[in-house]
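Tertiary structure, described
Here's the letter readout for the chains.
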Amino acid sequence: MRVTVDLDTKDFRELQKTLRAGFDLKLGVPNKIEKTRKGYHIVWRGKELSFDEAMAFRIMLGDDDMRIFFDLFTEPKQVLFRRKRIKRIRRYGYV
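My aim in this report is to walk through the structure given alongside it, one point at a time.

Conventions adopted
- Within any chain, residue numbers begin from 1 and follow the written order of that chain's sequence.
- Local features in this predicted model are restricted to residues whose pLDDT is 70 or higher, and side-chain atom pairs enter the listing and the counts only when it is 80 or higher, whereas totals over whole chains, interfaces and linings include all residues.
- Hydrogens and water are ignored here; the side-chain numbers use all heavy atoms of the structure.
- Strands are treated as partners if at least two bridges between them are detected by DSSP.
- Numbering goes from the N terminus for both helices and strands, where a helix is a DSSP run of H or I of at least four residues and a strand is a run of E of at least two.
- Axis definition: a line fitted to C-alpha atoms, over the contacting stretch in the case of helices. Angles run 0 to 180 degrees between N-to-C directions.
- Without a salt bridge and with relative accessible area above 30%, a residue can belong to a patch; like charges are then joined within 9 Å and nonpolar side chains (Val, Leu, Ile, Met, Phe, Trp, Tyr) within 5 Å.
- The Shrake-Rupley method, run with a 1.4 Å probe sphere, supplies the accessible areas, and residue values consider only the shown protein chains as cover.
- Between Lys or Arg on one side and Asp or Glu on the other, a salt bridge is scored when a side-chain nitrogen of the former is within 4 Å of a carboxyl oxygen of the latter.
- Lys and Arg are tallied as positive, Asp and Glu as negative. Neither His nor the chain termini are counted.
- Throughout, a charge is located at the NZ atom of Lys, the CZ atom of Arg, the CG atom of Asp or the CD atom of Glu.
- Partly exposed residues are those whose accessible area sits between 20% and 50% of the maximum for their type, while under 20% is buried and over 50% is exposed, using a 1.4 Å probe and protein chains only.
- Pairs were defined over the aromatic rings of Phe, Tyr and Trp, the Trp ring being its six-membered one, requiring ring centres within 6.5 Å. Orientation was assigned from the angle between planes: stacked under 30 degrees, edge-to-face over 60, tilted for the rest.

**Let's talk about the sheet that holds strand β1 (residues 3–7)**
- Strand order in this open sheet of 3 strands is β1-β3-β2, and the pairing throughout is antiparallel. Edge strands, defined here as strands with exactly one partner in the open sheet, are β1 and β2 (32–35). Across the sheet, the mean angle from the axis of one strand to that of its neighbour is 10 degrees, orientation sign disregarded.
- Relative to strand β3 (residues 40–44), β1 is paired through 5 bridges, and the arrangement is antiparallel.

**Some remarks on a positive patch on the surface**
- Positive charge collects at one region of the surface, where K10, K35, R37 and K38 lie side by side.
- Residue position: K35 is located in strand β2.
- Look at K35 and you get exposed, because its relative accessible area is 58%.

**Considerations on the packing of aromatic side chains**
- For the structure shown, the criterion picks out 2 aromatic pairs.
- Between the aromatic rings of F69 and F73, the centroid separation amounts to 5.1 Å while the plane-to-plane angle is 55 degrees, which identifies the pairing as tilted. Placement of both F69 and F73 in helix α3 (residues 65–73) is noted, with a separation of 4 residues, approximately one turn of the helix.
- Take F69: its relative accessible area is 46%, and that puts it in the partly exposed class.
- Given the relative accessible area of 59%, F73 is considered exposed.
- Through a chain of ring-to-ring contacts, the aromatic side chains of F69, F70 and F73 assemble into a single cluster.

What follows is the structure, encoded as structure tokens:
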């Protein structure tokens, strides 16, 4: 299972701390680091981890608390949102 982290800070030192923690936890080099509006999305792939292990890593790496909460109680798991906007859908009635 992959490990995804939504780091909600633009502080480069916090990014470095998260990456260093990933190395210390033997996750290695992230497969993806993406800059977002509020911080960074970081993804590690290729490790054989259970859901519980991936969640523990995310907590230790400083993932967004709300994402962890959602993943514990909802589906799908480990979703990273690129855009946060509300799209209004117009409903048409039948004639």
